[in-house]
2 protein chains.
Amino acid sequence: MKIKNYLIRVVASFYFLIAMVPFDVTAQAPANTPPATRTVFVSPEIGSNNSVTFRLRAPEAKEVSLSVDSVPVAGGSEPRKLKKDTGGVWSITLGPLAPELYSYTFVVDGVRTIDPSNPVVKRDGRRNESMLLVNGIASDLYGVKNVPHGTLSKVWYPSPAIGLTRRVYVYTPPGYETSGKKYPVFYLLHGSGGDEDAWTTLGRAPYIMDNLIAEGKAKPMIVVMTNGNAFQSAAPGDDPVENGTPPADRSSYAGKFETSLVKDVVPYIEKNYRTLTDKNNRAIAGLSMGGGHTITITNNNPDKFGYVAVFSMGARNPDSTFDKRLQAVKANGVRLYWIACGVDDRLMDTYKALQKSLDKNGVPYTSYESSGGHTWANWRIYLAKLAPLLFK
Amino acid sequence: MKIKNYLIRVVASFYFLIAMVPFDVTAQAPANTPPATRTVFVSPEIGSNNSVTFRLRAPEAKEVSLSVDSVPVAGGSEPRKLKKDTGGVWSITLGPLAPELYSYTFVVDGVRTIDPSNPVVKRDGRRNESMLLVNGIASDLYGVKNVPHGTLSKVWYPSPAIGLTRRVYVYTPPGYETSGKKYPVFYLLHGSGGDEDAWTTLGRAPYIMDNLIAEGKAKPMIVVMTNGNAFQSAAPGDDPVENGTPPADRSSYAGKFETSLVKDVVPYIEKNYRTLTDKNNRAIAGLSMGGGHTITITNNNPDKFGYVAVFSMGARNPDSTFDKRLQAVKANGVRLYWIACGVDDRLMDTYKALQKSLDKNGVPYTSYESSGGHTWANWRIYLAKLAPLLFK
C-alpha cells in the first residue's frame, strides 16, 4: 500500500531527524538559512562523568561566553569563554557538574542568546534561558520519572477583589480523577518577575510532588500556583491586556493579590475541587516576593492556614504592629511555620529579622539554612523538604 | 507598619521594573553583564498603524537580520537587514503588518537568536522563536479576550498500545466543571516536529475555541491534543527518557500512535471525562503528519469518527487498497470530510491526489484552499473554519 509506505517513510525520516536528540538539524533550517555545510553536533552534551560540553556555531563571532545559573564549580555563575574550532563551532566543557537542573545562556559578541541546539527553554521573568538537567541522586526529585503523574490544569477564575478574570495552575495528585476522595490544598506562590508559570517551568513542582507522593514521602494534595502580580490576568502572551497594564497604573494594585488569595482563590478552589476545607488542611508557601505575600496573608488571616512557609524572604525592621500580628498567628495556632534561606542570599538579613520576630513573639518555627543564594535550585530543594512536612 | 511599607516598596519597584512591558531592563541584567549605560527601548514596538519596529542591542555585531514567519508583505519570510544607530541598537520597521500572530528570530553575525526584549517565546519543533501578536479583525480569534475561558489540562494516561505512560492536553470548555453535561470530543493532531504542546502554544487552540464558543459559533466541546510521536512520552523536557529514544530505535514505533489513539486515548477520555460516546460526537483532525495520522486512523477505523479533517496533507499515489478503505469510510457514513491546503504548500500535490481519491470513491467532502503555505497561520485559520462545522 503506497500511501502507507509513504507515510512510514515520512514518519521514519521525521523520527530520525527531529524531536528529542539535540542535533543541529539542517532539515529544520528555514528557506533563508545560508546553504553552508553544517556538521551535526550536540549541545549540551553530557559526558559519562557528568562533564557537560556546550557548543555553538558562530563562525563570524569574535567572542562567545557561557553563563550558567548556580553552577557549583569554581567561578560560580561568572561567564566563561568558549574556544572556536576551525569549523566555526565554539565549545567549552564544564564539570563534572553536580546533579541539578541548570539554566544557561550564551553571550555572542555582547548579545545574550539561548542555545539554538537545545529545544528546552524556560522563561525566568522576562528572560528566556536554555535548560539542562544533569541527573543523579541530588536531582532525583526534579526528573520526570516512571511514576504516576498528577494532572496540571490551567484554570481561569473570577477575581472580584482584583476586578479581573485570572489564571491559576492547579496540580491534582495521581488518582484524583477517580478516587472520590477529598484532599488538602497547598497554595504555592512565586517571586518577583515570575507568574503562574514559574513553579511548574522552573520550580518543577508537579514532578517534585509526583516523585514525593510516589515514594510515600508526601501526602497526596492539591497544589495551587497563583499569579501574584495583581495587575496581570496571566503570564505574558496569555494576558488579554496586550503588553500588560501600563507601569503607571500598577501601583493601584498593591496589596490586592494578598486579599484576592483569601477572598477569591481559596473559595474558588474549595468550590470546584474535592478539598478538605479546615485550616489544618490548608498550607501556604512563597519564595521571595511570594514569601512576603505569605507573611502578609497569614498575618492578616491568622485563622486560615495551618502550615506556613517562607522561602528566601523575611521582614525588614519589623515593628510593634508586626509583633501584634505574629501574636495573632501564635494565638490561632499554626502547625508548622517553616522558614528557609541560602547563606549567600541578599535577603539573609530579612530572614534573620523574621527569625528574631518569631522568637520574640513565641511563634514556634523550623528554620533551614542552605548553601547558595536566591536561586531556583534552592527553591526546588525547599519545596522538596517542606512538602513531606505538610498535613501530617 | 514598616514591614508593610517595605513590602509595598519592593512590590512597587517590581511593578515598575519588570513584568509585561517589553523594556530592556537594566535591573534584570545579571551580575556578569557589562556595566554599559543602557537606554530603555521596546521590541517589538507596534505603531498606531500596525507598523512594527524590531530592535536589538548588539554594538559589536557586523550584521543583524530579521526573519519573520509568514509576513504578508513584500519579500515574504526573506531575512531583512537591520540598521545600527550610534548607541549600538539595531532596528527595522516593517509594515503595516496584517493582524496575525507572527513568530520571528534575529540572526546576529550568523547566529540565530530570539529577541531578548520580548518574553513571549514559543517552541516550533526544536526551534524557539519570539512571538508577536498584531491585533485586528483577522487575528481576533487568536487573542486572549475577556470571554469565559475553558480549562487546559496536562494529563498523563496509560498507553498499552505503545508501552508508555504518555501526556495529552485536554481542553474542557467554559462551564464544564459545574454543568454536569456530557460533551462531544474533538481529537486534534499536530505535525512532524511538533508534540502535545504545539496546538496550544503555536496553534492557540484553547483561545480559538474560547472565542468561537463565546460567539455561539462553535458548540462547547472537549478538545484532546495528543503527542503523535509514538517514541516519546511527552514534549522535550517532560519526557522521562533523557534526550529521547535513540533515533535508531524509533522505527519500531511506526504506526503505533495511530493504533494507540483509538485503543488508548479515546477510551481514556471517555472514561475520565463526561463525554458523548457515539461516532457522531467524535471528530478528528490533523495537520501535515497529523493529517496523515488522521487518514490512517479513519481508514483503519471507519466506524469511529463522524467528522474527519485533513490540513495541509493528502495522499501520495493512492492505490486500490486506499480506495477500498475510503469506500469503507463512505459505507460507514461520515458527516463531514473536510480538507484544506494552502496554494503555496509543498504538499499541494498530495492534497490534490486525496481530493481525486475522495471523488473517485464517492466520499462527499468539503475542500478549502487558502493562500499561503505550510504555516501555523493557515492551521489556526483552518481550525477556526472547521470548529463551527463540528457536531451540528
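How each quantity is defined
Residues numbered from 1 in each chain as written. Chains lettered and ligands numbered in written order. Predicted model: local features only at pLDDT ≥ 70, side-chain atom pairs only at ≥ 80, totals over all residues. Heavy atoms only, no water. Salt bridge = Lys/Arg side-chain N within 4 Å of Asp/Glu carboxyl O. Helix = DSSP H or I, 4+ residues; strand = E, 2+ residues; numbered from the N terminus. Buried < 20%, exposed > 50% of the residue type's maximum accessible area, 1.4 Å probe, protein only. Domains from an automatic or database assignment. Contact = heavy atoms within 4.5 Å. Buried area = accessible area lost by both parts, 1.4 Å probe. Polar contact = N/O pair within 3.5 Å; in protein donor to acceptor, adjacent residues only side chain to side chain. Pairing = 2+ DSSP bridges. Axes fitted to C-alpha atoms, helices over the stretch in contact; angles between N-to-C directions. Parallel < 35°, antiparallel > 145°, perpendicular 65-115°, else oblique. Left-handed = near helix turned anticlockwise from the far one by under 90°. Nonpolar A, V, L, I, M, F, W, Y, C, P; charged D, E, K, R; others polar. Phe/Tyr/Trp six-rings, centres within 6.5 Å; stacked < 30°, edge-to-face > 60°. Expected span 1.5 Å × (residues − 1).

> Would you explain the pattern of salt bridges in this entry?
Between side chains of opposite charge, pairing is possible as soon as their charged atoms come close. Tallied over the full model, the rule gives 30 salt bridges over all chains. Salt-bridge contacts for A:Glu270 lead to A:Arg282; the nearest nitrogen and oxygen are separated by 2.7 Å. One end of the pair, A:Glu270, is in helix H6 (residues 256–272); the other, A:Arg282, is in strand S15 (residues 282–287), with 12 residues separating them in the sequence. Owing to a relative accessible area of 8%, A:Arg282 belongs among the buried residues under this scheme. The partner of B:Lys304 in a salt bridge is B:Asp303, and the shortest N-O contact between them spans 3.7 Å. The exposure class assigned to B:Lys304 is partly exposed, which follows from its relative accessible area of 26%. B:Asp303 sits in the partly exposed class, given a relative accessible area of 41%. Beyond isolated ion pairs, a larger network of salt bridges with shared partners links A:Arg123, A:Arg167, A:Asp195, A:Glu196, A:Asp197 and A:Asp238.

> Would you explain the domain arrangement of chain A in this entry?
Where interface size is quoted, it is often the accessible area lost as the parts come together. Residues and elements named next belong to chain A. If you check the domain split of chain A, you get domain 1 (24–136) and domain 2 (144–389). The interface is formed by 10 residues belonging to domain 1 together with 12 residues belonging to domain 2. Between domain 1 and domain 2, the buried area comes to about 900 Å², and carbon and sulfur atoms account for 52% of it. Per-residue buried area on domain 1 facing domain 2 is highest for Leu101, Lys122 and Arg123; these three make up 52% of the total on that side. On the surface where domain 1 and domain 2 come into contact, there are three salt bridges. Our count for the domain 1 to domain 2 interface comes out at five residue pairs in polar contact (both at pLDDT 80 or more). Mapped by element, the contributors of at least two residues to the side of domain 1 that touches domain 2 are strand S7 (100–108), strand S9 (121–124) and strand S10 (127–134). Examining the composition of the side of domain 1 that touches domain 2, we find that three residues originate from one element, S9, more than from any other.

> Sorry if this is basic, but what is going on with the sheet that holds strand S6 (residues 89–94) of chain B here?
Strand pairing in a sheet relies on backbone hydrogen bonds, with the paired strands running either antiparallel or parallel. Residues and elements named next belong to chain B. The strand order S1-S2-S6-S5 describes an open sheet built from four strands, whose pairing is antiparallel. Edge positions in the sheet fall to strand S1 (45–46) and strand S5 (83–84), since each of these pairs with one other strand and no more. Sheet topology note: the S5/S6 ladder contains two bridges and is antiparallel. When the sheet's bridge partners are listed, Lys84 is paired in S6 with Trp90.

> Any chance you could explain the packing of helix H7 (residues 320–332) of chain B against helix H8 (residues 348–360) of chain B here in plain terms?
The description of two packed helices rests on the angle between their axes and on the distance between the axes. Residues and elements named next belong to chain B. Taken N-terminus to C-terminus, the directions of H7 and H8 make an angle of 60°; their axes are 9 Å apart at the nearest point. Classed by the angle they form, the pair H7 and H8 counts as oblique. The two elements H7 and H8 meet at a crossing, and its hand is right-handed. When H7 is examined against H8, the residues Phe322, Asp323 and Leu326 are found in contact with a partner set consisting of Leu354, Ser357, Leu358 and Lys360. Taken together, the residues of the contact of H7 with H8 sort by class into four nonpolar, one polar and two charged.

> Got a minute to help me understand the pairing of strand S13 (residues 185–189) of chain A in this structure?
Note on strand geometry: in a regular strand, side chains alternate between the two faces of the sheet. All names here are of chain A. Most of S13 sits inside the fold, with five of its five residues counted as buried. Alternating residues of S13 divide into Val185, Tyr187 and Leu189 and Phe186 and Leu188, and every residue in both groups is buried. When S13 meets strand S14 (residues 222–225), the two strands line up parallel, connected through four bridges. Note that in S14 the partner of Tyr187 across the bridge is Val224.

> Hey, could you run me through the packing of aromatic side chains in this one?
To describe a pair of aromatic rings, you give the distance between the ring centres and the angle between the ring planes. Scanning all chains against the criterion turns up 30 aromatic pairs over all chains. With a centroid separation of 6.4 Å and an interplanar angle of 70°, the aromatic rings of A:Trp199 and A:Phe311 are classed as edge-to-face. Here the residue A:Trp199 occupies a position in helix H3 (residues 198–201), and A:Phe311 occupies one in strand S16 (residues 307–311), the gap between them amounting to 112 residues. Residue A:Trp199 is classed as buried on the basis of its relative accessible area, which comes to 1%. Summarising the aromatic geometry, the rings of B:Tyr187 and B:Phe305 are spaced 6.1 Å apart at their centres and angled 80° between planes, so their arrangement reads as edge-to-face. Separated by 118 residues along the polypeptide, B:Tyr187 in strand S13 (residues 185–189) and B:Phe305 in the loop between helix H6 (289–300) and strand S16 (307–311) bring together distant segments of the chain. Assigned by exposure class, B:Tyr187 and B:Phe305 land together as buried. Ring pairing ties together the aromatic residues A:Trp199, A:Phe311, A:Trp338, A:Tyr368, A:Trp376, A:Trp379 and A:Tyr382, which thus form one cluster.

> For this particular structure, what's the right way to read helix H9 (residues 348–360) of chain A?
Because the α-helix completes a turn every 3.6 residues, residues three or four places apart line up on one side. All names here are of chain A. Its 13 residues place the ends of H9 18 Å apart at the C-alpha level, agreeing with the 18 Å of an ideal helix rising 1.5 Å per residue. Within H9 the residues assigned to the buried category are Met348, Thr350, Tyr351, Ala353, Leu354, Gln355, Ser357 and Leu358. Among the residues trailing H9, Gly362 stands out with phi positive, at a value near 70°.

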